[in-house]
Amino acid sequence: MKTVPIQLPSTVFSALRKNPEEFVQEMRIAAAVKWYELGDISQAKAAEIAGLTRAEFINALSRYRVDFMQYTPEELAEEMTNVD
């Protein structure tokens, strides 16, 4: 695993009432959720970025009120044509 140093003002940790390690973990989850929501990354890659299992990531999506199924209108139309 690659470690990437990130500098944050010491005052930001109180925003979420978390210690630095918890804050960084929450940042990873929030970034992964948003990138997944935008369709930039797959659910599996998002879970990896967040440092969670797929099941844990799906729970995080719920916490952030993001649907676990992300389809474009075209993908949804295609799925609907394949329904038996």
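First, a word on scope: everything that follows refers to the structure included in this document. Residue numbers restart at each chain and count upward from 1, following the sequence in its written direction. Where local features are concerned, this predicted model is filtered to residues with pLDDT of at least 70; where side-chain atom pairs are given and counted, the filter is 80 or more; whole-chain, interface and lining totals use all residues. Only hydrogens and water are set aside; all other atoms, that is, all heavy atoms of the structure, feed into the side-chain values.

Brief notes about the nonpolar core
Formally: Residues belong to one nonpolar core when they are buried, are Ala, Val, Leu, Ile, Met, Phe, Trp, Tyr or Cys, and are joined through side-chain atoms within 4.5 Å. Only protein chains enter the calculation, and the probe is 1.4 Å; a residue is then buried if its accessible area is under 20% of its type maximum, exposed if over 50%, and partly exposed in between. By definition, any uninterrupted DSSP run of H or I lasting at least four residues is a helix, any uninterrupted run of E lasting at least two residues is a strand, and each is numbered from the N terminus. Working rule for contacts: check all heavy atoms of both residues, and any pair within 4.5 Å makes them a contact.
One finds Ile 29, Ala 32, Val 33, Tyr 36, Ile 41, Ala 46, Ala 47, Ala 50, Phe 57, Ala 60, Leu 61 and Val 66 forming the largest nonpolar core, which totals 12 residues. Going through the elements one at a time, helix H1 (20–37), helix H2 (43–50) and helix H3 (54–63) are the ones with two or more residues in this core. With four residues, H1 is the largest single contributor of residues to this core. The contact partners of Val 66, leaving out residues within four places of it in the chain, are Val 33, Glu 37 and Leu 61.

So, the packing of H2 against H3
We apply this condition: Comment: axis = line fitted to C-alpha atoms, over the contacting stretch for helices; angle = value between 0 and 180 degrees taken between N-to-C directions. Roughly parallel means an angle under 35 degrees; roughly antiparallel, over 145; roughly perpendicular, 65 to 115; everything else is oblique.
Packing of H2 against H3 leaves a shortest axis separation of 9 Å and a crossing angle of 90 degrees. By the angle between their directions, the pair H2 and H3 is classed as roughly perpendicular. When H2 is examined against H3, the residues Gln 43, Ala 44, Ala 46, Ala 47 and Ala 50 are found in contact with a partner set consisting of Arg 54, Phe 57, Ile 58 and Leu 61.

A word on the packing of H1 against H3
Stated precisely, the cut-off is as follows: Classification convention: Asp, Glu, Lys, Arg as charged; Ala, Val, Leu, Ile, Met, Phe, Trp, Tyr, Cys, Pro as nonpolar; all other residues, Gly among them, as polar.
Where H1 meets H3, the axes come as close as 10 Å, and the angle between the chain directions of the two elements is 80 degrees. Comparing the axis directions of H1 and H3 gives the class roughly perpendicular. Every residue of H3 that contacts H1 at Glu 26, Ile 29, Ala 32, Val 33 and Tyr 36 is listed here: Phe 57, Ala 60, Leu 61 and Arg 63. When grouped by side-chain class, the residues that make up the contact of H1 with H3 number seven nonpolar, no polar and two charged.

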